[in-house]
Amino acid sequence: MLAYLRRRLLSGLVLLMAVTALSFLLLYAGSGDVVRRILGGGATQEQIAAKSAELGLDAPVWTQFATWASGALHGDLGRSWFTGETVAQGIGSRLPVTLSLVLGTTLLTVVLSAVLGVWAATRGGTVDKIVQGASVVGIALPGFVVALFLVTVFAVKLKLFAATGYTPLSESPARWLGSVTLPVIALALGSTVSLTQQIRGAVLDTLRQDWVRTLRTRGLSARRVLFRHVLRNAAGPALTVLSLQTIGLLGGAVIIEQIFALPGIGQYAITATGGGDLPTIMGLVVMTTVMVVVINLLTDLTQGWLTPKARQI
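Computed from a predicted structure; not experimentally measured.

Colleague: In this structure, what is going on with the pattern of salt bridges? I would like to understand it.
Modeller: Pairing between side chains of opposite charge can happen when their charged atoms approach one another. Per the counting criterion, the structure on display carries six salt bridges. The closest approach of N and O atoms between Lys51 and Glu54, which form a salt bridge, is 3.5 Å. Here Glu54 and Lys51 lie together in helix H3 (residues 45-55), a separation of three residues that amounts to about one turn. When its relative accessible area of 17% is taken as the criterion, Lys51 is described as buried. Of the charged contacts in the structure, one is a salt bridge between Asp205 and Arg208, with a shortest N-O distance of 3.4 Å.

Structure (structure tokens):
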């Protein structure tokens, strides 16, 4: 298991290095116009040259990358070119908001999908048709439409939740829960219907296996066979889908954060990208890549625990 973990950590490190180097190279190509945006349209060539030297943009690209990477390895991601705020501070103040949405959505998705998927697979008939029909409707509904409906009904009309804003968990757990409930529900709809279909299909395929029928002929109850054997074997494909959905939520949360006016990573990324704020963008690239590596690592370790053969891959 340790060798398996080392291989996954090494591949994650290689991915991080490749993504940061490629991202820096691509961003460097358009960094010339950033200086003019910082100084304004009336800046002279001398002022632009001086600002470029101040930001280090007059050095070769690999020298710039080496300087940035050296600082990043020591925890210094630089400062925003526009606000002067340190990138670490900017990300750190906004990351809890996005993580609250991602983790809350993932938890809700897992619970609902497991219940609905197993229920549809084991009961069949009308129950299966209802779950299938609801899944089609859920997939067809855009997340932002669901978000607007939730705001209109539960925040504006019924006044059960705040329409916008975010309260930190440390300040008030109750208000924090109220501020993330509607966004989490809006995000979880699409994830839940997709994962429900995956779990349903995996459970049905597993139930049709010969070894399952053998266990039943030996006198094991259907409940024991389901929870001790079938679900463990069916969990592998569902975990893969769940990991991809969780990674996708990092980008999908942008629209929901806009609708609910949440000060998360989404708005921060949009502002930095629109202005060409290279240090902030690179900090976001590092953060996103690290989160992807961590999610994939946790998924691989869980897969390896559930299916020992996966450790040999």
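Following the structure, the description resumes.
Colleague: Looking at this structure, I do not really get the confidence of the model for the chain. What am I missing?
Modeller: Detailed reading of the predicted coordinates is not advisable wherever pLDDT falls low. Confidence along the chain averages 84 in pLDDT terms, with 96% of residues attaining 70 or more. Confidence scores differ between elements of the chain, with helix H2 (residues 32-39) showing the lowest mean pLDDT of 73 and helix H5 (residues 87-123) the highest of 91.

Colleague: Sorry, what's going on with a nonpolar patch on the surface here?
Modeller: On the surface, a nonpolar cluster with roughly 520 Å² of combined accessible area is contributed by Val137, Leu141, Phe144, Val145, Leu148 and Ile255. With three residues, helix H7 (residues 143-157) is the largest single contributor of residues to the nonpolar patch. For Leu141, the position within the fold is in the loop between helix H6 (125-140) and H7. Of the residues examined, Leu141 reaches a relative accessible area of 40% and is grouped as partly exposed.

Colleague: So what exactly am I meant to see when it comes to unusual backbone geometry here?
Modeller: Note on backbone geometry: most residues besides glycine have negative phi, and most peptide bonds are trans. Of note in the backbone geometry, Lys159 takes a positive phi value of approximately 55° without being a glycine. With respect to the helices and strands, the residue Lys159 is situated in the loop between H7 and helix H8 (173-207). Positive phi, normally seen in glycine, also occurs at Ala261, with a value near 50°. With respect to the element layout, Ala261 can be found in the loop between helix H10 (222-259) and helix H11 (265-275).

Colleague: Would you mind showing me how to read the packing of aromatic side chains here?
Modeller: Two aromatic rings are characterised by how far apart their centres lie and by the angle between their planes. For the structure on display, the rule yields four aromatic pairs. Between Phe24 and Phe65, the aromatic rings sit 5.5 Å apart at their centres with planes inclined by 65°, giving edge-to-face as the arrangement. A residue pair is termed long-range when its members are at least 10 positions apart, and Phe24 in helix H1 (residues 2-28) and Phe65 in helix H4 (residues 61-73) qualify at 41 residues. For Phe24, a relative accessible area of 3% puts it in the buried group. For the pair Phe24 and Trp68, a centre-to-centre distance of 6.3 Å together with 40° between the ring planes defines the contact as tilted. With Phe24 in helix H1 and Trp68 in helix H4, this residue pair connects regions lying 44 residues apart in the sequence. Three or more aromatic residues link up through ring pairs in this structure, and these residues are Phe24, Trp62, Phe65 and Trp68.

Parameters and conventions
- Residues numbered from 1 in each chain as written.
- Predicted model: local features only at pLDDT ≥ 70, side-chain atom pairs only at ≥ 80, totals over all residues.
- Heavy atoms only, no water.
- Salt bridge = Lys/Arg side-chain N within 4 Å of Asp/Glu carboxyl O.
- Helix = DSSP H or I, 4+ residues; strand = E, 2+ residues; numbered from the N terminus.
- Buried < 20%, exposed > 50% of the residue type's maximum accessible area, 1.4 Å probe, protein only.
- pLDDT = per-residue confidence, 0-100.
- Patch = residues over 30% accessible without salt bridge, like charges linked within 9 Å, V, L, I, M, F, W, Y side chains within 5 Å.
- Areas by Shrake-Rupley, 256 points an atom, 1.4 Å probe, with all protein chains shown as cover.
- Phe/Tyr/Trp six-rings, centres within 6.5 Å; stacked < 30°, edge-to-face > 60°.

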